[in-house]
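Summary of structural features
This is what each chain is made of:
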Amino acid sequence: MIGVFGGTFDPVHYGHLRSALEVKDRFDLTEIRLIPSAQPPHREQPSVTAESRLKMLALAIEGQPDLKIDDRELKRSGPSYMVDTLKSIRDESATQPLLLFIGSDAFNQLTTWHEWQALFNYAHIVVLTRPNYEAQALNAFFVAHLATDSAELAEAPAGKLYFQPVRQLDISATAIREMIAQKKNPGFLLPDKVLTYIRQHQLYLR
Ligand code: ATP
């Protein structure tokens, strides 16, 4: 099984990284790919360039062979729709189960995503529980796709919804950006190498 973890990573922090490592082990994934979004369709545009976000991601995973970066969304023009990303990964691997990991905050917005129901044609969706965000009540579509046993994910390439608790780290990129803008020190919320890069390039100062 391959895992996909999309995000703006503006900047990447230990909430992302720890969750990615935990699910790699939990689901015994052959690979977990962090996929930075070029133009996230559902939110304000990132405050730093895609190149900088990609560079920070690369610094963050240095020395961690369990984590990989997939930069296909940065190579496409237009909005970074997850359904297009999953489709292109699926084209490379027809039958392998594909797991798309999203936090519960992202899950609560899922029905606003472009062709959200089609996501399930290409991947299973695994919702990671996240501090301060309760998952929304399940609509009939979600109930119909719900798996209560993770073994069901290995039995089909796509189509299931599963909820997975992960270690609760109350860290968000928004809070990190605000700390930097207020000249506070976000150390230990994200890798030192990423913080050094942010300081060198004077990112997020306002
Ligand atoms: P922002 O505060 O700018 O919205 P973020 O910290 O939520 O950023 P994103 O890059 O938007 O980070 O998130 C990418 C994915 O990681 C989303 O699915 C999100 O739910 C998840 N995620 C982010 N932070 C955590 C965390 N602390 N624990 C678990 N999942 C997280």
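Our structure's up above, just so we're on the same page.
Residues numbered from 1 in each chain as written. Predicted model: local features only at pLDDT ≥ 70, side-chain atom pairs only at ≥ 80, totals over all residues. Heavy atoms only, no water.

**Focus on the pairing of strand β4 (residues 98-103)**
- Within β4, six of the six residues are buried, which leaves the element mostly enclosed by the surrounding structure.
- Alternating residues of β4 divide into L98, L100 and I102 and L99, F101 and G103, and every residue in both groups is buried.
- Of the strand pairs in this sheet, β4 and strand β5 (residues 124-128) are connected by five bridges, and their pairing is parallel. Note that in β5 the partner of L100 across the bridge is I125. (Buried < 20%, exposed > 50% of the residue type's maximum accessible area, 1.4 Å probe, protein only. Helix = DSSP H or I, 4+ residues; strand = E, 2+ residues; numbered from the N terminus. Pairing = 2+ DSSP bridges.)

**Some points on helix α1 (residues 14-26)**
- With 13 residues, α1 extends 18 Å from end C-alpha to end C-alpha; this agrees with the ideal 18 Å at 1.5 Å per step.
- Positioned one or two residues after α1, D28 has a phi angle of 50 degrees, which is positive. (Expected span 1.5 Å × (residues − 1).)

**What to know about the sheet that holds β4**
- In spatial order, the strands read β3-β2-β1-β4-β5-β6; together these six strands make up an open sheet with parallel pairing. At either end of the open sheet lies a strand with only one pairing partner, and these are β3 (67-69) and β6 (161-164). Put simply, the sheet's adjacent strands are angled 30 degrees from each other on average, direction ignored.
- Note that strand β1 (residues 2-7) and β4 share four bridges and pair parallel. Looking at the pairing, G3 lines up with L99 of β4.
- Against the sheet, α1 makes contact with β1, β2 (31-36), β3, β4, β5 and β6, and its axis sits at roughly 150 degrees relative to β2, the strand it touches most.
- Where helix α2 (residues 50-61) meets the sheet, it contacts β2 and β3, and its direction lies at approximately 160 degrees from that of β3. (Axes fitted to C-alpha atoms, helices over the stretch in contact; angles between N-to-C directions. Contact = heavy atoms within 4.5 Å.)

**Some details on the packing of aromatic side chains**
- Counted by the stated rule, this structure contains 10 aromatic pairs.
- Ring geometry for F27 and F101: centres 5.7 Å apart, planes at 50 degrees, overall tilted. In this pair, F27 is assigned in the loop between α1 and β2 and F101 in strand β4, connecting sequence segments 74 residues apart.
- Ring centres of F107 and F142 lie 4.9 Å apart, and the angle between their planes is 50 degrees; on these two criteria the pair is classed as tilted. Residue F107 is found in helix α4 (residues 104-107), and its partner F142 is found in helix α6 (residues 140-145); the two are separated by 35 residues along the sequence. The same class applies to F107 and to F142, which are both buried.
- Chaining the aromatic ring pairs together yields one cluster made of F107, W116, F120, F141, F142 and F163.
- Taking the ring centre of F27 as reference, the NZ or CZ of R26 above it sits at 4.9 Å. (Phe/Tyr/Trp six-rings, centres within 6.5 Å; stacked < 30°, edge-to-face > 60°. Lys NZ or Arg CZ within 6 Å of the ring centre and 35° of its normal.)

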